[in-house]
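Structural description and commentary
The chain contents come next:
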Amino acid sequence: MPVKGRLSTFRRGFISTFTLDVVGRGLSALATIVFIRALGVSSFAYLVLFLNIGQFAGSALTGGIRMRYMRMEAERVSRGHEGHGGFALAMATSLLLVLGIATLALLGVTLIDSGGSASSRWLFVGLTAAYTAGNAAIEMGIFHYQAHLKFVRAGVIGIARSAATIAVAIAALTGVIESGPATAGLVTATIFLVAAVVCAPLVRETLSRPAAMLNSEFGRESTWLTIYYLGSAGFAYADIFIVAGFLDDAAVSSYGAALRYIAIVVGPMPALLAVVRVRTSQGDLVDSHEAQADLLWTWMRRALLPVTAIIGAAAIAAPFAIPLLDGGRYPDSIPIFEVMLLPALINYLTLPGPNLLMTQKRYRLLAEFYTAALVVQLIAAGGVATSAGVVAVAAVASAVAAVEAGGIALVASRLARRAPPAEVAAQ
């Protein structure tokens, strides 16, 4: 495909992905509001814990397998290869991993034997594992269609998942369900329904003809990508865990509010990531180290002015807009939000960096980089929490995040210019 054709495809892909992602996020936010109004405090707390653990586990456990499959499939499609990829095998591997970890978790809660009945603990672990598996299957389907440049279909799947949660929220609002376990069970059932509709045709298509077997590198590379996802997921959640562990409820509320505000600023990032990870998987970039370096620096040049303007405007508006939103209840959220804008800026400017390291098959380096950054963040932020307070935690965590993002991009650029990807030994 000519360069102009590829750019046009990815521009349309970003617009459609971003638009549909906004709709999906809006439905999820609406479902959250309905759950808050419909459920009691303990039931809603149960649901929040269930959803957050399931989403974290899904990303941390199956993200590496999903990413490796998507990159292999996107490269295969870009080279015009016929036949089918290994969707069924990749999904089965993900589900088996979730099942294995769930089994270990069940053994753990059985041995602990504290707080609540054994049956309630088993029910929570079982529901969470089932939700994680169903959600991971849906994500696998989304990544599959993105690899095939079917961004609209992938976005519609995300909306269908959010709509399923809305249906459960309406059931809670009408009194059909009231308890936390019942709500979590119905959420899991609807997620499984969406997963079946999305994935059954892809599995059937994969198995109907001789599939292209995944090579031996899939497992090794997916292992390093899984470690990378574990590190990046921990990296994203570590600061709020530190605040919750060392400081009081007011600090947690201030930090949580700032996270909600920064989520608005980085709203377009998931859509940008969707097109970047597909673009950096295509054959012309895999084969050309010069094209990889050019992509990163071209991205940075084009993004610098508009992104800096948006981030700067957010920093200027924060002292005036945030008190209007929270009524002045959490003044610390203003400086926390402002320091969080630094890593947001660096992440926008260096967005292709991690994906370029994947293009170069440097999965181990990527995993080690994120793991090291997570350790530094835990030590540094934990060290200042009790002595300097929540704003200091945010400042330290933001500084580490900015250095991590910039460092990844610099390393990816230097390694791309040093040697063609074909000369890099698979790790």
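So, here's what we can say about the structure.

Parameters and conventions
- As a convention, each chain's residues are numbered from 1 in the sequence order in which they are written.
- Predicted model: local features are reported for residues with pLDDT of at least 70 only, side-chain atom pairs are reported and counted for 80 or more only, and whole-chain, interface and lining totals are derived from all residues.
- With hydrogens and water set aside, each side-chain value is computed from the structure's full complement of heavy atoms.
- Only DSSP runs of H or I covering at least 4 residues are called helices, and only runs of E covering at least 2 are called strands; the numbering of each starts at the N terminus.
- Per-residue accessibility, obtained with a 1.4 Å probe over protein chains only, is compared with the maximum for each type, and a residue is labelled buried under 20%, exposed over 50%, and partly exposed between these values.
- Each accessible area value is a Shrake-Rupley result obtained with a 1.4 Å probe; residue values ignore everything except the protein chains displayed when judging cover.
- Residues grouped as a nonpolar core are buried Ala, Val, Leu, Ile, Met, Phe, Trp, Tyr and Cys residues, joined through side-chain atoms within 4.5 Å.
- Here, two residues are considered to be in contact whenever any of their heavy atoms come within 4.5 Å of each other.
- Here the expected length of a helix is defined as 1.5 Å per residue gap, with one fewer gap than residues.
- Within this analysis, the arc is defined by the directions that extend from the helix axis to the C-beta atoms.
- Between N or O atoms, a polar contact is any pair within 3.5 Å; within protein, one atom must be a potential hydrogen donor and the other a potential acceptor, and residues adjacent in sequence are included only when both atoms are from side chains.
- A pairing counts as a salt bridge when a side-chain nitrogen of Lys or Arg comes within 4 Å of a carboxyl oxygen of Asp or Glu.

Thoughts on the overall build of the protein chain
The secondary structure content of the protein chain amounts to 15 helices and zero strands. For the protein chain, buried positions account for 48% of its 427 residues. As displayed, the protein chain offers around 19,700 Å² of accessible surface, 69% of which is attributable to carbon and sulfur atoms.

Considering helix H9 (residues 269–279)
Counting buried residues along H9, nine of its eleven residues qualify, which places the element largely inside the surrounding structure. Taken as a whole, H9 has its buried residues at Met 269, Ala 271, Leu 272, Ala 274, Val 275, Val 276, Arg 277, Val 278 and Arg 279.

A short note on the nonpolar core
Formed by 96 residues in total, the largest nonpolar core has its most connected members in Phe 35, Phe 50, Val 187, Tyr 228, Tyr 255 and Phe 337. In terms of residue count, the dominant contributor to this core is helix H4 (residues 118–147) (ten residues). The residues contacting Tyr 228, other than those within four sequence positions of it, are Pro 354, Met 358, Leu 366, Ala 367 and Tyr 370. Phe 235, Ala 373, Val 400 and Ala 401 belong to the second largest nonpolar core, which has six residues in total.

Digging into helix H8 (residues 249–265)
With 17 residues, H8 should cover 24 Å at 1.5 Å per step; its first-to-last C-alpha distance of 25 Å lies within 8% of that length. Taken together, the buried positions of H8 are Ala 251, Ser 254, Tyr 255, Ala 257, Ala 258, Tyr 261, Ile 262 and Val 265. Buried positions in H8, seen along its axis, are confined to an arc of 160 degrees and lie on one side of it. Turned more than 90 degrees from where H8 packs its buried face, Asp 249, Arg 260 and Ile 264 sit exposed.

Some words on the environment of Ser 398
Its location among the elements puts Ser 398 in helix H15 (residues 390–418). Spatially, the C-alpha atom of Ser 398 lies 8.2 Å from that of Leu 341, the residues being 57 residues apart in sequence. Apart from residues no more than four positions distant in its own chain, Ser 398 is found in contact with Val 339, Met 340 and Pro 343. Among the polar contacts made by the side chain of Ser 398, one reaches the main-chain carbonyl oxygen of Val 339 at a distance of 3.3 Å.

Quick notes on the side chain of Thr 188
Position of Thr 188 relative to the elements: it lies in helix H6 (residues 180–208). For Thr 188, a relative accessible area of 6% translates into the label buried. Other than its neighbours up to four places away in sequence, Thr 188 contacts Phe 50, Leu 127, Ala 130 and Tyr 131.

Let's talk about the pattern of salt bridges
Applying the stated criterion across every chain yields a total of four salt bridges. Among the salt bridges present, the one from Arg 161 reaches Glu 139, with a minimum N-O distance of 2.7 Å. On the criterion of sequence distance, the pair formed by Arg 161 in helix H5 (residues 151–173) and Glu 139 in helix H4 is long-range, its members being 22 residues apart. Just as Arg 161 is buried, Glu 139 falls in that class too. The residue Arg 279 makes a salt bridge to Asp 284 at a minimum N-O spacing of 2.7 Å.

Thoughts on unusual backbone geometry
One non-glycine residue, Leu 149, adopts positive backbone phi at about 65 degrees. As for its placement among the helices and strands, Leu 149 is situated in the loop between H4 and H5. Residue classification places Leu 149 among the partly exposed positions, given a relative accessible area of 26%. Of note, Lys 361 is a non-glycine position whose phi angle comes to about 65 degrees, a positive value.

Quick look at the environment of Asp 284
Mapped onto the elements of the fold, Asp 284 is located in helix H10 (residues 283–287). Here Arg 279 takes part through its side chain, which lies 2.7 Å from a polar atom of the side chain of Asp 284.

Points about the side chain of Thr 128
Turning to its location among the elements, Thr 128 is positioned in helix H4. Take Thr 128: its relative accessible area is 6%, and that puts it in the buried class. Non-local contacts of Thr 128, meaning those with residues more than four positions away in its chain, are made with Phe 50, Ile 53 and Gly 54.

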